[in-house]
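One letter stands for each residue in the lines below.
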Amino acid sequence: MLRRIRTRIRVRVRGAGRPAALAASLAAVLATASAPAVADGSREVALRLEAPAVFSMYHADEGAGATNSDFVVPVAVEPSGNGPARNVHVVVDASGLAGVARAGKGGHGNCTGEGPVFTCAYGDVRNGDGESNAPFTLHGADGVEPGDSGTVTYTVTADNAAPVTGTTRMTVDGPTLHTPKDEKTVKGVAPGKPVPLSPRFANHSRFTAERGVALRLTARDGVLTSRPGNCYFDTAFTSAWCVFATKAAPGTAYRTGSPIGYAADAGKLTGTLSYSWSSEPRKPGDLTVRGTGAPLSLTETAGRGLTNGSSEVHVETTVQADYEALTATVRGRVGDTVKVRLGLRDHGPGRLRSIAGMDPDVMGGFEVVPPEGTTVTSIPYTFEDSGGTWACERPKKPGGAFVCDIGYDNFHEARHEGGTTAIDFHIRIDRQVPGARGTIRTYNPYDRTPGNDTAVIPLDASPAPFYRNPTVWAVGGAVAVVAAVVLATLYRRRAGLPGQAP
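Since this is a predicted model, take the numbers as computed values, not measurements.

Draft legend 1. Up close: the overall build of the protein. A tally of helices and strands in the protein yields 3 helices and 39 strands. Across the protein, contacts joining residues at least 24 apart in sequence account for 79% of those joining residues at least 6 apart. Accessible area for the protein stands at about 24,000 Å²; split by element, carbon and sulfur atoms hold 52% of it.

Here it is as structure tokens:
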């Protein structure tokens, strides 16, 4: 499927194992391939290429095992009043990659050819808009060295525009630099108070990082508080790129000579500092604020456990998300099925929904054990104009708890961040049990006020009405039968029907 663009496409390098390619690709997007100018009036519309001038294919140590399908050729139509560019095609020639990479089939179904030449159909492109496509998938080659490169050329044509051409130099990067597989979570941090963190990396390859190394930092739900002079930041100080002249040799590992400070934002339950290292120090163009402090240095360290392509350090703050159990009484007569609204009140001040992301379990919920003498018959819910019978997970054994995880779709209609999340339990009163009480208990990983987590669910059961008593129905039935026989006999006598005594 073609991807619509309005601005320059930012090339993304997949895979945690290629931090150098990520930094290089971010930098490369700023240096776009040049195209010859189109003469005024030569055609109805003018095309513009926005492909990168330099693209990092893979790390030298990856060899033939490397794959990369992230190279795209974006084409835009210069704004004018002449309508769309019609029948746009891009022909890409990858024959210049011989010996350093092999280009295989790609293009999301819009490109044809098995290589080294590919043709991609972009269709009609709206005026002032653009399209992009990935013409091929790159495969690495054994025996390459850092810095090996080749050139890809491409030509863009349209029925009503002059053709434009461009080239991209495709390079093999230096060695992969590995980060810790596991980083410990830092707990009990006050928001706004800097946490000292020391990013580490190891060079497990056979190549030396001849161009030095670079560190890329990204702060989520917080800011970077360190301002080293060899680092560049965005204006919010949530992202940074630091360069080091150190030529990391094979079999060496390093950490920053002094810690880097990270501070969680006010009111946040958690924060995260992500980082990766690159052996191709190309500064991203969006980081323009240079640090003013002492330069950050590197010092050698042990390389054990450094096997990832990138790492995250998680911070848990002193902020809590306090849940209070909301209860109600099961009140009615024996035999009644009543609605009892149960749930929780979110006192915050931290908000779980903002950090839950794709993990609904983080939001926690509540558990319900109904009073003795009752049966939960259903817990109906609504979701997107439909719904179901059981919003909560039922217990596997009698007397167990109904588990209500509020982060899931079953609670989408009932969930209220910073408010009350409750749902109706349909409970049948089976018998009177004096003093019977159920329980409701709330839970989430950031609740540090246990005193209001649990509440009782009282049972207030009245006797069943007389007409629900089986004995009453049995006696009444017998009386009715006798009455019917008597009435039938009297009727026959009065009517003088056969079979009756004179």
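Draft legend 2. Summary view of the pairing of strand 3 (residues 54–59). Among the 6 residues in strand 3, 5 count as buried, and that is most of the element. Bridge analysis of strand 3 against strand 13 (residues 161–173) gives 5 bridges, and the strand direction is parallel. Paired with F55 across the strands is M170, a residue of strand 13.

Draft legend 3. Region of interest: the packing of aromatic side chains. For the structure shown, the criterion picks out 12 aromatic pairs. Note on F201 and W277: the rings are 4.5 Å apart at their centroids and 40 degrees apart in plane angle, and the pair reads as tilted. In this pair, F201 sits in strand 17 (residues 200–203) while W277 sits in strand 24 (residues 270–278), placing the two residues 76 residues apart along the sequence. Under the relative-accessibility criterion, W277 is labelled buried at 1%.

Draft legend 4. Here's a closer look at the state of the cysteines. Tallied over the full model, the rule gives 3 disulfides. Two residues share a disulfide in this structure: C231 and C242, whose sulfurs sit 2.0 Å from each other. On the sign convention where negative means left-handed, the S-S torsion of about 110 degrees between C231 and C242 marks this disulfide as right-handed. Of this pair, C231 sits in strand 20 (residues 231–233) while C242 is found in strand 21 (residues 239–244), placing the two residues 11 residues apart along the sequence. Using a relative accessible area of 1% as the deciding quantity, one classes C231 as buried. What pairs with C392 in a disulfide is C404, and their sulfur atoms sit 2.0 Å apart. A torsion of 105 degrees about the S-S bond marks the disulfide between C392 and C404 as right-handed.

Draft legend 5. Broad picture of the nonpolar core. Residues L47, M57, V73, L97, F136, Y154 and M170 are the most contacted members of the largest nonpolar core, which totals 40 residues. For this core, the secondary structure elements donating two or more residues are strand 2 (47–49), strand 3, strand 5 (73–77), strand 6 (85–96), strand 9 (117–125), strand 11 (136–139), strand 12 (149–158) and strand 13. Residues I379, Y381, C404 and I440 belong to the second largest nonpolar core, which totals 39 residues.

Draft legend 6. How the structure looks around the sheet that holds strand 6. Sheet architecture is open: 6 strands sit in the order 3-13-12-6-9-8, paired in mixed fashion. The sheet terminates laterally at strand 3 and strand 8 (111–112), the two strands that pair on one side only.

Draft legend 7. Quick look at the sheet that holds strand 26 (residues 298–300). Strand order in the open sheet formed by 3 strands is 17-22-26, and the pairing between neighbours is antiparallel. Edge positions in the sheet fall to strand 17 and strand 26, since each of these pairs with one other strand and no more. Across the sheet, the axes of successive neighbouring strands diverge by a mean angle of 30 degrees, strand direction being ignored.

Draft legend 8. Local environment of the pattern of salt bridges. Tallying each qualifying case throughout the model produces 17 salt bridges. Taking the shortest distance from any N to any O, the salt bridge between R441 and E367 comes out at 3.2 Å. Here the residue R441 occupies a position in strand 38 (residues 437–443), and E367 occupies one in strand 32 (residues 365–369), the gap between them amounting to 74 residues. With its nearest N and O atoms 3.5 Å apart, the salt bridge here joins E372 to R431. Of the two residues, E372 sits in the loop between strand 32 and strand 33 (374–378) while R431 sits in the loop between strand 37 (420–429) and strand 38, which places them 59 residues apart along the sequence.

Draft legend 9. Geometry of a negative patch on the surface. Together, E384, D385, D409 and E413 make up a region of like negative charge exposed at the surface. Along the chain, the position of E413 falls in the loop between strand 36 (402–405) and strand 37. Classification of E413 as partly exposed rests on a relative accessible area of 46%.

Draft legend 10. The arrangement of the side chain of D453 in detail. Along the polypeptide, D453 turns up in the loop between strand 38 and strand 39 (454–462). Buried and without a salt bridge, D453 has R441 as its closest oppositely charged side chain, separated by 6.3 Å. Those residues in contact with D453 that sit more than four places away from it in its chain are D322, Y323, A325, I440, R441, T442 and D447.

Draft legend 11. Inspection of the confidence of the model for the protein at higher detail. Per-residue confidence for the protein averages 87 on the pLDDT scale, and 84% of its residues sit at or above 70. Segment residues 1–41: pLDDT under 50, and 119 contacts once partners within four positions in sequence are set aside and those in other chains are kept.

Draft legend 12. Inspection of the pairing of strand 10 (residues 130–133) at higher detail. Alternating positions in strand 10 separate into two faces, G130 and S132 on one and E131 and N133 on the other, with burial throughout. As defined by bridge partners, strand 5 adjoins strand 10 across 4 bridges and the pair is classed as antiparallel. Bridge assignment links P74 to a residue of strand 10, and that residue is S132.

Draft legend 13. Quick look at unusual backbone geometry. Note that the residue after G115, namely P116, is joined by a cis bond; omega there is 5 degrees. Mapped onto the fold, P116 is located in the loop between strand 8 and strand 9. With an omega of 0 degrees, the peptide bond running from G348 to P349 counts as cis. With respect to the helices, strands and loops of the structure, P349 is situated in strand 31 (residues 337–349). Positive phi is not limited to glycine here, since D221 has a value of about 55 degrees. Structurally, D221 is set in the loop between strand 18 (213–220) and strand 19 (222–224). A relative accessible area of 29% places D221 in the partly exposed class. Its identity as a non-glycine residue notwithstanding, F237 has a phi of 55 degrees, on the positive side.

Draft legend 14. Representation of the environment of L97. Within the element layout of this structure, L97 appears in the loop between strand 6 and strand 7 (102–105). L97 gets classed as buried once you look at its relative accessible area, which sits at 1%. Along the primary structure L97 and L138 are separated by 41 residues, whereas in three dimensions their C-alpha atoms are 9.7 Å apart. Discounting residues that sit within four places of it in the chain, L97 has contacts with M57, L138, G150, T151, V152 and M170.

Rules of the game
- Residues numbered from 1 in each chain as written.
- Predicted model: local features only at pLDDT ≥ 70, side-chain atom pairs only at ≥ 80, totals over all residues.
- Heavy atoms only, no water.
- Helix = DSSP H or I, 4+ residues; strand = E, 2+ residues; numbered from the N terminus.
- Contact = heavy atoms within 4.5 Å.
- Areas by Shrake-Rupley, 256 points an atom, 1.4 Å probe, with all protein chains shown as cover.
- Buried < 20%, exposed > 50% of the residue type's maximum accessible area, 1.4 Å probe, protein only.
- Pairing = 2+ DSSP bridges.
- Phe/Tyr/Trp six-rings, centres within 6.5 Å; stacked < 30°, edge-to-face > 60°.
- Disulfide = S-S within 2.5 Å.
- Core = buried A, V, L, I, M, F, W, Y, C linked by side-chain atoms within 4.5 Å.
- Axes fitted to C-alpha atoms, helices over the stretch in contact; angles between N-to-C directions.
- Salt bridge = Lys/Arg side-chain N within 4 Å of Asp/Glu carboxyl O.
- Patch = residues over 30% accessible without salt bridge, like charges linked within 9 Å, V, L, I, M, F, W, Y side chains within 5 Å.
- Lys, Arg positive; Asp, Glu negative; His and termini not counted.
- Charge placed at Lys NZ, Arg CZ, Asp CG, Glu CD.
- pLDDT = per-residue confidence, 0-100.

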